[in-house]
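Structural features, examined
As a plain string of letters, each chain reads:
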Amino acid sequence: MTALRHNAQQGKWLRLWLTVSFAVMFTGPFLFHSRVALLNVVDVLFFVPSLTLLTRALVSGDRQLLLDPWLVPLYAFLGWTLLTMGWAEDVNSSRTVRAVVQIVILVGMLRWLHLYYRHTLKLALANGAMTAMVVLAVIMVSYFTIQPLDSPLFSQPASLIFNLPQPGPLISTMALVAPTFILLAQALEEGLTPKGARRGAGALVGFTFLVAVQLHTGLMLLVMALGWVLLRHGQRLLAALAGAVALYMALDFEVLRQAQLYFSHPLFGNGFSQEGGDSLLEGIPGGLRVLPHPNNVLLAVLHSTGLVGVLLFLAAWAVPAWNLPDNDQKHREGAVFLVSVLPGLLTMLSAGAYTLVPFHPSWMCLWFPLALMLASLSTRESRPALKQG
């Protein structure tokens, strides 16, 4: 017997809970002035209930949720990162362990939801993302009634309506990748229907916000969106060209010219120190040296965990991506679970920080897209299909 067998009433409660949880995750940086407050709310709202449900599922026999072969590279990367703290400076082990536990819970919970309540999960993702777009629309109207339209969003201090926080370009960009692209995928899936139009309008708000807050990265993400649309219409060559253009736009060549700064211990790295968004630490004889954060996830991982960590980091994405189904129909049905993977990774190459910290806006570029992709692999072909919520 599997855990938490489906019933209609349970599906309704799950949809409500997930909608609220995703809405808070997607809008948190724009509603909470304190990251600690956001983290505590998300813990109580999502991670503690998810841990309870996931534990019940595992005890009832659904061990595949956390023991699937496609999860091995992720576990290896997380384990290696924890191990490197043994030779790191200024370690915050409790913070990093908390992040690892939350990532595992997120992956397991989304896999369980995809297995038994895929339709409920898709609707909750869309509803949470639409909630975020309403908040973004309010912020843009509030900001640009005070500042000129040619002023980048959050570039100047402004007293926003309801005293909403101004998280800045880096945090805002990372936070919006997943919800914006989720709405794009669902708008294409729904087509020319009222529901598709609403989600398309929501995606448009998200892309407008991304361009307004950080022009270069916003345009890169627009090119990625164009590539996704072309891919969905069978234009593989043009989609690949769009992806190549987006990759070129994502690379900061000034940072790459200074890449040797992050190769001081290329094999095993400097160890995973307490991670900040503006700097990395390097141990030197007699003290520490502070390096500017490259805002490039691969250089940050290389600096902290070495080439070993980089290879495990890449494998965590490449292994599940390699095993995605080839059937076009399955790709179309699962678009919402895959659409934010490449945009998220490219964003972390150009405007990304905070690789492994407890729940943070950077998760919408890294861990949330990865968890959704891993969820799309949680299928049970040998068992009768269960009615979805």
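Keep in mind it's a predicted model, so treat the numbers as computed, not measured.

Let's shift gears to the overall build of the chain. Helices and strands together make up the secondary structure of the chain, namely 16 helices and two strands. Here the C-alpha atoms of the chain give a radius of gyration of 21 Å, agreeing with the 21 Å that 2.2 N^0.38 yields for 389 residues. For the chain, the C-alpha atoms occupy an extent of roughly 65 × 50 × 45 Å along the three principal directions. Within the chain, residue pairs in contact and separated by at least 24 positions form 76% of the contacts whose partners lie at least 6 positions apart. Accessible surface for the chain amounts to roughly 16,800 Å². Of this, 66% is attributable to carbon and sulfur atoms. For the chain, the separation between the mean place of its 23 positive charges and that of its 17 negative charges on side chains is 14 Å.

Here we take up the pattern of salt bridges. For the coordinates displayed, the defined rule picks out five salt bridges. With a shortest N-O distance of 3.7 Å, Arg199 and Glu190 are connected by a salt bridge. On the basis of relative accessible area, Glu190 is assigned to the partly exposed category, the value being 28%. When the shortest N-O distance is used, the salt bridge between Arg257 and Glu254 registers 2.8 Å. With Arg257 and Glu254 both in helix α11 (residues 253-257) and three residues apart, the pair spans about one turn of that helix. Taking relative accessible area as the criterion, Glu254 reaches 42% and is therefore assigned partly exposed.

Next up on the list: the environment of Ser304. As for its position among the elements, Ser304 is in helix α12 (residues 297-322). Linking Ser304 and Leu267, residues 37 residues apart in sequence, is a C-alpha distance of 10 Å. Setting aside anything within four residues of it in sequence, one finds Ser304 in contact with Thr84, Phe268, Gly269, Asn270, Gly271 and Phe272.

Turning our eyes to something else, we now look at the packing of aromatic side chains. On inspection of all chains with the given rule, the structure shows 21 aromatic pairs. Ring centres of Trp17 and Phe46 lie 5.7 Å apart, and the angle between their planes is 15 degrees; on these two criteria the pair is classed as stacked. Taken together, the residues Trp17 in helix α1 (residues 8-31) and Phe46 in helix α2 (residues 35-59) connect sequence positions 29 residues apart. Considered together, Trp17 and Phe46 belong to a single accessibility category, that of buried residues. Ring centres 5.7 Å apart and planes at 35 degrees place the aromatic pair Trp317 and Trp367 in the tilted group. Here Trp317 is found in helix α12, whereas its partner Trp367 is found in helix α16 (residues 367-375), with 50 residues between them in sequence. The class for Trp317 is buried, based on a relative accessible area of 6%.

Each value, and the rule that gives it
- Residues numbered from 1 in each chain as written.
- Predicted model: local features only at pLDDT ≥ 70, side-chain atom pairs only at ≥ 80, totals over all residues.
- Heavy atoms only, no water.
- Helix = DSSP H or I, 4+ residues; strand = E, 2+ residues; numbered from the N terminus.
- Rg over C-alpha atoms; globule rule 2.2 N^0.38 Å.
- Contact = heavy atoms within 4.5 Å.
- Areas by Shrake-Rupley, 256 points an atom, 1.4 Å probe, with all protein chains shown as cover.
- Lys, Arg positive; Asp, Glu negative; His and termini not counted.
- Charge placed at Lys NZ, Arg CZ, Asp CG, Glu CD.
- Salt bridge = Lys/Arg side-chain N within 4 Å of Asp/Glu carboxyl O.
- Buried < 20%, exposed > 50% of the residue type's maximum accessible area, 1.4 Å probe, protein only.
- Phe/Tyr/Trp six-rings, centres within 6.5 Å; stacked < 30°, edge-to-face > 60°.

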